[in-house]
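Report on the structure
Okay, here's what each chain looks like letter by letter:
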Amino acid sequence: MRLYWLLIPFAAWLAACGGGGSTPPPPSVGDFQIGLSSDTLTLSAGASGSLQVVLTRSGGLEAPIALGLVRIPSSLAVSGSFSPNPSNPDSSTLSLSAGSGLAPGEYTLLVRGRAEAGGQLLQREAEIRLVVPGPTGITVTGEVRNRFGSPLVNVPVCRGSRCVNTNAQGRFTHTGVSVPYTLTVRPASTQEHTFVGLERPDPLLLLFSSIGAPSERSANLNGTLMANSGVTLPNPSNTVAQVVFGAPSAKLTQFVPPGNNLAALFPSQGPAYGLTAVWYGDASVDGRVYALQWRHAPGAPGTPQEFLAFGSRTTSLSAGSSATLNLVLSPIQTGALSVEVKNLGLLTLRSRQLYVNLEARSLFLVASETASSPASLSWPTPIIPGKTLTFAAYADASDGRSSSLQLSGLGPSAALEASLATPPVPISPGSNQSNVSPSASLSWNRPTQSISLLTLSAPGQPTRTFYTQGDSLAPGLQSATNYSWLVRVVGPFADMNAFTSPAWAEGYPTFGWDVSFFQANSPLRSFSTSP
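Reading the values: the criteria
- By convention here, each chain's residues receive numbers from 1 onward along its written sequence.
- Local features are withheld for residues below a pLDDT of 70 in this predicted model, meaning they are given only at 70 or higher, and side-chain atom pairs are given and counted only at 80 or more; totals for whole chains, interfaces and linings count all residues.
- Think of the side-chain values as coming from all heavy atoms in the structure, minus any hydrogens and water.
- Whether two strands pair depends on DSSP finding at least two bridges between them.
- Helix and strand labels come from DSSP, where a helix needs a run of H or I of at least four residues and a strand needs a run of E of at least two; each type is numbered from the N terminus.
- For Phe, Tyr and Trp, where Trp contributes only its six-membered ring, two rings pair if their centres lie within 6.5 Å, and the inter-plane angle classes them as stacked under 30 degrees, edge-to-face over 60, or tilted in between.
- Each residue is assigned to one of three classes by its accessible area relative to the maximum for its type, calculated with a 1.4 Å probe on protein chains only: buried under 20%, partly exposed between the two thresholds, exposed over 50%.
- Cysteine sulfur atoms are paired as a disulfide whenever they come within 2.5 Å of each other.
- Cavity and pocket criteria rest on a 1 Å grid covering protein atoms alone: a 1.4 Å probe that fits but cannot get out defines a cavity, protein on both sides within 12 Å along at least 5 of 7 lines defines an open pocket, and an atom within 4 Å of a point defines a lining residue.
- Grid points are joined across faces, edges and corners, and a volume is the space filled by probe spheres set on the points.
- Here the term charged refers only to Asp, Glu, Lys and Arg, the term nonpolar to Ala, Val, Leu, Ile, Met, Phe, Trp, Tyr, Cys and Pro, and the term polar to all other amino acids, Gly among them.
- We call a set of buried residues a nonpolar core when its members are Ala, Val, Leu, Ile, Met, Phe, Trp, Tyr or Cys and they connect through side-chain atoms within 4.5 Å of each other.
- By the convention used here, residues are in contact when the closest approach between their heavy atoms is within 4.5 Å.

**Some details on the pairing of strand β8 (residues 120-132)**
Note: strand β2 (residues 40-42) against β8, three bridges, orientation parallel. The partner of T42 across the bridge, within β8, is V131. In the sheet, strand β7 (residues 105-117) pairs with β8 via 13 bridges, with the strands oriented antiparallel. Following the sheet pairing, L109 is matched in β8 by I128.

**Description of the packing of aromatic side chains**
The tally for this structure, following the rule as stated, stands at eleven aromatic pairs. Taken together, a centroid distance of 4.1 Å and an interplanar angle of 5° make the contact between F195 and Y467 stacked. Taken together, the positions of F195 in strand β14 (residues 191-198) and Y467 in strand β35 (residues 463-468) put the pair 272 residues apart, joining distant regions of the chain. Accessibility assignment for this pair places F195 and Y467 in one class, buried. For the pair F208 and Y508, a centre-to-centre distance of 5.0 Å together with 80° between the ring planes defines the contact as edge-to-face. With F208 in the loop between β15 (204-206) and β16 (216-227) and Y508 in the loop between α2 (496-499) and β38 (517-521), this residue pair connects regions lying 300 residues apart in the sequence. For Y508, a relative accessible area of 6% puts it in the buried group.

**Some details on the state of the cysteines**
In the structure shown here, the tally under the stated rule is one disulfide. Note on cysteine connectivity: C158 is disulfide-linked to C163, with sulfurs 2.0 Å apart. The disulfide joining C158 to C163 has a torsion of about 110° about its S-S bond and is therefore right-handed. The exposure class assigned to C158 is buried, which follows from its relative accessible area of 2%.

**Some words on the layout of surface pockets**
Its boundaries defined by the atoms lining it, the largest pocket holds a volume of some 600 Å³. Lining the largest pocket are 25 residues, and of these L252, P509, T510, F511 and W513 sit closest to its centre. Put simply, the parts of the chain that give the lining of the largest pocket at least two residues each are β25 (348-359), β26 (362-369) and β38. Grouping the constituent residues of the lining of the largest pocket by class yields 15 nonpolar, seven polar and three charged. Counted as a void, the second largest pocket has a volume near 400 Å³. Forming the walls of the second largest pocket are 22 residues, and the residues nearest its centre are Q242, F255, A264, F266 and L365.

**Some remarks on the pairing of strand β6 (residues 91-98)**
Burial of the side chains of β6 is restricted to one face: S92, L94, L96 and A98 are buried, whereas none of S91, T93, S95 and S97 on the reverse face is. Examined bridge by bridge, strand β5 (residues 78-83) and β6 share six bridges and lie antiparallel to one another. Within β6, the position partnered with F82 by the bridge is L94.

**Focus: the nonpolar core**
In this structure, L292, F364 and F391 are the most contacted members of the largest nonpolar core, which totals 51 residues. With residues up to four places along the chain from it excluded, the contact list for F364 reads Q242, V244, F255, Y290, A291, L292, F310, L354, Y355, V356 and L358. The next biggest cluster of nonpolar side chains, apart from the first, holds 30 residues, and it includes L61, L96, I128 and V132.

**A short note on the sheet that holds strand β31 (residues 425-428)**
In space, the three strands of this open sheet follow the order β31-β33-β36, with antiparallel pairing throughout. The two strands at the open ends of the sheet, each matched to only one other strand, are β31 and β36 (472-473). Relative to β36, strand β33 (residues 442-445) runs antiparallel, the two being bridged by two bridges. Bridge pairing in β36 links L442 to L473.

The structure is reproduced here in structure tokens:
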């Protein structure tokens, strides 16, 4: 009797612990797999596409299967929808749309299916490879330089919202570019330069900006001018000489004190000379020293009468050093050049100058006239084998308009006409006009064969310069803002293709360069926009 009483709880304990037999498995709820009509879908940015999702059920699964799209990463700009969803019974159409700003590349998407059956959650996935091809169009590989011709490094060049930075050589590349196109360069937070209507695949974007001015090197150069037969030194009365250092990388010869790359020797001075040679770039430079002597009208050093002697000699200089170089002068002959300046309109002549070109930026200034009349003049010229002359003129008006030109490559004896470009004049908005619409276009007139540089500034905003072959432009203005603007035209250029060619690869030319060009400026105008 007692043994029976002990066996009853033991049997209960054994049953609780599973003794005496195995627990049956849970009932089967079935399964499913996800198949795709294609595991790769190609979509351009901003485009849409679709593929079929096929479900294969097994084990008697009858529960609805809900479908979802998983993006990797989750921020991927791709939207998707399934129809129907849940799938009914075995397939659904997945529609996908790629965001307009989605960059070219390959991305991963997951189709995820979920079903609940018998208290269990079943989840299965299938992978889609989304390919976003690069946009169609040309590849633009260009270069950004400042007004001195120096490459600008690590500055953004933007086409719409897509920006790339220039490399160590100032170069950049944009792909899939539709022609014509517009590029904006931002070399600093205070400047913005926009080139409108480009077509070249290799544009040189030359900013009218001093940002990134090249570093300068210098050395002292001294010596003695030595006279061949027929040459008199020191300089006699009414006689001057110039000694110039020239090299492809030399800084432009400067005639205003303190000067660089120039020694000016006046009557009774010489034969000793001394100058500071200045150049850009490397610590050493190979160049040439030139010397020219001439006689001028009494009391008028800018009016030559006869050219007497010339000489040149090569030299090598190192930054921070001093060098000695003696130079032999030999007699030369004199020619004659006459020039008439035309198309003055209401402008007043301020200066006319005559240079002898030695290197790209190295020269003698041999004649200068500051009188406003007459418009025609004649000058004696030096006849130097292998060297040409450059004539330059500048005129302006009291309202701020100005025009300048330079004709290079001239022979020592010629008669020519030089026509000044008509300065641009702002047309709209009117001077000091108020309540101008922020969407308004700015318009002006311009001479033929010119490119316009429209500069627009406002307090607290970057100064914007637009480069265009047109004569109107809608820059996009802010409301309730005071603006100032002017237009500078440069040429001769047929269009933006010519302007963004390597024609001015060394920078915007100035008087004395061995380059023919013109430049004209409008008056400065102001206006304000409506609230």
